[in-house]
Amino acid sequence: MTSTGGPSLRAVHAWLMLLPALALLALFTHWPTLATVIDSFHSTPKGARAAVWVGLENYRVMVDDPVFWKAVRNNLLFASATIPVSIALALVMALWVNERIAGRAFLRMAYFTPTVLPMIAVANIWLFFYTPQYGLLEQITGALGLPSHNWLGDPSTALGAVTLVAIWKEAGFFMIFYLAALQSLNPSLREAAAIEGASRGYFFRRVQWPLLMPTTLFVLINAFINAFRMVDHLFVLTRGGPNNASTLLLYHLYEVGFSFWDTAYAAAITVVLVVVLAGIALLQFFVFDRKVHYR
Amino acid sequence: MSAVAQQTPRLVWNEPSWLDTLAAWLLALLWILPLAYAVWTAFHPAAYSTKFHLFAPLTLENFARAWEAAPFARYFLNTTLLVIMILAVQLVLATLAAYAFARWRFRGRDVAFALVLVQLMVMPDILLVENYKTMARLGLVDTLLAIGLPYFASAFAIFLLRQTFMGIPKELDEAARMEGAGPLQTLWRVYVPLAKPVYTAFALVSVSFHWNNFLWPLIVTNSQNARPLTVGLQVFSSVDQGVDWSVITAATLMTSAPLLVAFLLFQRQFVQSFMRAGIK
């Protein structure tokens, strides 16, 4: 059977090939998204009591939930630190290992290694790193004569400590994309700039940085999404504490949904997350992709 | 690159300054410090876990104790089966869908493609509550299948392969058809071989993602029957052990080892795959 048949036969073939993927997407992406919205307007079913329509009640609970607002605030802080810092570090790393720097292979490996390791595993390592008294950090600060500090146990430093881990994990990942872009730049640009007597800083500002724009936007979107998706390390490092000082939205969602089993309220929080992520995606689609080459 | 470098005179700013080199090395050392610390602790007796001594005795004792303290063999098996299952299904489903999107015009194609792209913004990682309910309804809670199901249809793979297939000359398609090959044969004999690098790229990204995935497996499993390594490690280090850091770091390195070794052996492929998968 060839597909030279009429358009209708071809359509049948096409839909048959799409069917398995679309069916699974419908079952595990489209339907749950809709169901989340529906459930967020219902109560949590308890025992024999079925869910009933409660209108905006779950959202009212959300507005009055101090932990939710704490998570929002933390997540914004987490995003506003991880996004620029990890991107800036990634760019600097890529510029370094793009040059013929001594020990380039080692440097590239050192920067990229955190990316391939499971977050849950590296969080264990960082937990040890941060541990009061024994941890390496304590040993270093102790040697410098600084007072002992419980980085993860103190509400004022817990969020910073988990943010640092996220930056450490992500920078090497983003470096790869910058490195790829830098290597695809035309080498004659560099020669021309050198012949013209441009400084390296000028060359970066006026040639490399503008040409890296599509990469920066791509990395930016990824960093944004990750800022709302990356919570694995909280399970090991702080469990959102102390006193919710380091909780993030997805972690709060997990606690509400699977520790307190308040699935209706969890659905409302999920709606917030979906709106945030969809907003980022639409922003990318309608604002950024217009400016960057799009096929 | 090197050919160009030979022809052109050495440009002063073409070479990184010693300050750059120093800073790059400092950052690199800082970057592997936590890992190096973990390696030190795991390979030395507990007495030396936080004391640095050049001639501290090396030991594998910590690994042996970790291996015995929790069913890590089972966790390894679960994770291995899981990543193979997910990857195999993803590749088959995405190949079929990508081919239909890339080569055929049919009614509803653009709508279908938009429906696929929805998954790029609303990932399964977010839809925990509803997907858990679905798994409970299907009676699949605490199975490997439940961990994999939400990821089987990968919008990312479909998107990536569609782009690749679109870049393959149509003439090859027609030539295959002239020889009497059907759509599936054409796909298998022309498209799949030509897209090999993309398959490798996606495979590496998918395997490392699912080897490392934690939250969904944590939620949908509740026994060692289905628990993957990440969840097993978390249960082990938070419940079973007090603060025996030597054993915990040994377990941590053990669970990361396969990926780490694979990465060190195939560094170039890893880096290129991540680049290829990221740049559309």
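Residues numbered from 1 in each chain as written. Chains lettered and ligands numbered in written order. Predicted model: local features only at pLDDT ≥ 70, side-chain atom pairs only at ≥ 80, totals over all residues.

## Quick look at the overall build of chain B
Selection criterion: Every helix listed is a DSSP run of H or I at least four residues long, and every strand listed is a run of E at least two residues long, numbered separately from the N terminus. Labels follow a simple rule on C-beta atoms placed from the backbone: if 20 or more others lie within 10 Å of a residue's own, it is buried; if 12 or fewer, it is exposed; otherwise it is partly exposed. Note on contacts: residues are paired as contacts if their backbone-placed C-beta atoms lie within 7 Å.
Of the regular secondary structure elements, chain B holds 15 helices and zero strands. Here chain B holds 280 residues, and the buried ones make up 45% of them. Taking contacts inside chain B between residues at least 6 apart in sequence as the whole, the part at least 24 apart equals 77%.

## Notes on the overall build of chain A
So the rule is basically this: The globule rule used here is 2.2 Å times the number of residues to the 0.38 power, and the radius of gyration it is set against is calculated over C-alpha atoms.
Scanning chain A from terminus to terminus reveals 13 helices and zero strands. Helices (α) and strands (β) of chain A occur, in sequence order from the N terminus, as α-α-α-α-α-α-α-α-α-α-α-α-α. Relative to the compact-globule value of 19 Å for 295 residues, chain A shows a C-alpha radius of gyration of 24 Å, a clear excess of over 25%. Over its C-alpha atoms, taken along the principal directions, chain A stretches across nearly 75 × 75 × 35 Å. The buried share of chain A, taken over its 295 residues, is 42%. A sequence separation of at least 24 residues applies to 69% of the contacts in chain A between residues at least 6 apart.

## Looking at the packing of helix H4 (residues 72-103) of chain B against helix H11 (residues 196-212) of chain B
Residues and elements named next belong to chain B. The line we're drawing: An axis is simply a line fitted to the C-alpha atoms; with a helix, the fit covers only the stretch in contact. Between two such axes, the angle follows the N-to-C directions and lies from 0 to 180 degrees. Small angles under 35 degrees read as roughly parallel and large ones over 145 as roughly antiparallel, with 65 to 115 read as roughly perpendicular and the rest as oblique. Should the near helix be turned counterclockwise from the far one by less than a right angle, the crossing is left-handed, whereas a clockwise turn marks it as right-handed.
For the pair H4 and H11, interaxial distance at closest approach is 9 Å and the crossing angle is 140°. In terms of their interaxial angle, H4 and H11 are classed as oblique. At the point where H4 passes H11, the crossing takes the right-handed sense. Between H4 and H11, the contacting residues are Thr-79, Leu-82, Val-83, Ile-86, Leu-87, Gln-90 and Leu-91 on the first element and Tyr-199, Ala-203, Ser-206, Val-207, His-210 and Trp-211 on the second.

## As for the nonpolar core
Our working rule: By definition, a nonpolar core groups buried Ala, Val, Leu, Ile, Met, Phe, Trp, Tyr and Cys residues that connect through C-beta atoms lying within 7 Å of each other. Domain segmentation is taken from an automatic or database assignment of domains.
Formed by 162 residues in total, the largest nonpolar core has its most connected members in Ala90(A), Phe174(A), Met175(A), Tyr178(A), Ala97(B) and Ile158(B). Element by element, the count of residues in this core is highest for helix H7 (residues 155-183) of chain A, at 15 residues. Counting the residues that make up this core, at least three belong to each of domain 1 (16-59) and domain 2 (66-278) of chain B. Sequence-distant contacts of Ala90(A), defined by excluding residues within four places in its chain, comprise Ala171(A), Phe174(A), Met175(A), Tyr178(A) and Val219(A).

## Overview of the interface of chain A and chain B
Our working rule: Three categories are distinguished: nonpolar for Ala, Val, Leu, Ile, Met, Phe, Trp, Tyr, Cys and Pro, charged for Asp, Glu, Lys and Arg, and polar for the others, with Gly belonging to the last.
Taken together, the contacts link 77 residues of chain A with 80 residues of chain B. Looking at which element gives the most residues to the side of chain A that touches chain B, the answer is helix H1 (residues 7-39) of chain A, with 18 residues. Along the lines of polarity and charge, the residues of the side of chain A that touches chain B split into 54 nonpolar, 16 polar and seven charged.

## Re the domain arrangement of chain B
Residue and element names in this part refer to chain B. Domain annotation for chain B reports domain 1 (16-59) and domain 2 (66-278). The interface is formed by six residues belonging to domain 1 together with seven residues belonging to domain 2. In the side of domain 1 that touches domain 2, the residues fall into four nonpolar, two polar and no charged.

## Things to note about the environment of Leu146(A)
Here Leu146(A) lies in the loop between helix H6 (136-143) and H7. Here the alpha-carbon distance between Leu146(A) and Trp53(A), two residues 93 residues apart in the chain, equals 57 Å.

## Quick notes on unusual backbone geometry
Of note, the phi angle at Arg239(A) is positive, near 55°, even though the residue is not glycine. Looking at the secondary structure, you find Arg239(A) in the loop between helix H11 (232-237) and helix H12 (249-259). Look at Arg239(A) and you get partly exposed, because 15 C-beta atoms sit within 10 Å. In this model, Asp142(B) sits at a positive phi of 70°, which is unusual for a non-glycine residue.

## Let's talk about the packing of helix H9 (residues 170-178) of chain B against helix H10 (residues 183-194) of chain B
Residues and elements named next belong to chain B. At a minimum axis separation of 10 Å, H9 and H10 run at an interaxial angle of 135°. Comparing their axes, H10 and H9 come out oblique. Helix-helix and strand crossings are classified by hand; for H9 and H10 the assignment is right-handed. Here H9 contributes Leu-172, Asp-173, Ala-176 and Arg-177 to the contact with H10, which in turn contributes Thr-186, Arg-189 and Val-190. Considered class by class, the residues forming the contact of H9 with H10 number three nonpolar, one polar and three charged.

## Observations regarding helix H6 (residues 128-138) of chain B
Residues of H6(B) that are buried: Leu128(B), Val129(B), Glu130(B), Asn131(B), Tyr132(B) and Met135(B). Directly beyond the C-terminal end of H6(B), a positive phi value near 70° is found at Gly139(B).

## What to know about the confidence of the model for chain B
All names here are of chain B. The condition is simple: Confidence scores per residue from the predictor, reported as pLDDT, run from 0 to 100.
Summarising the model, chain B shows a mean pLDDT of 85, and 89% of its residues fall at 70 or more. Segment residues 1-10: pLDDT under 50, and four contacts once partners within four positions in sequence are set aside and those in other chains are kept. Across the interfaces of the predicted complex, the ipTM metric reaches 0.86, alongside a pTM of 0.88.

## Things to note about the confidence of the model for chain A
Residues with a pLDDT of 70 or more make up 95% of chain A, whose mean pLDDT is 87. For chain A, the element scoring lowest by mean pLDDT is H6(A), at 80; helix H3 (residues 66-98) of chain A scores highest, at 94.

## As for the environment of Gly232(B)
All names here are of chain B. Note that Gly-232 resides in helix H13 (residues 229-240). Considering only alpha carbons, one finds Gly-232 and Val-198, 34 residues apart in sequence, at a separation of 32 Å. In this view, Gly-232 contacts Ala-70, Phe-72, Tyr-75 and Arg-227; residues no more than four positions away in its chain are not counted.

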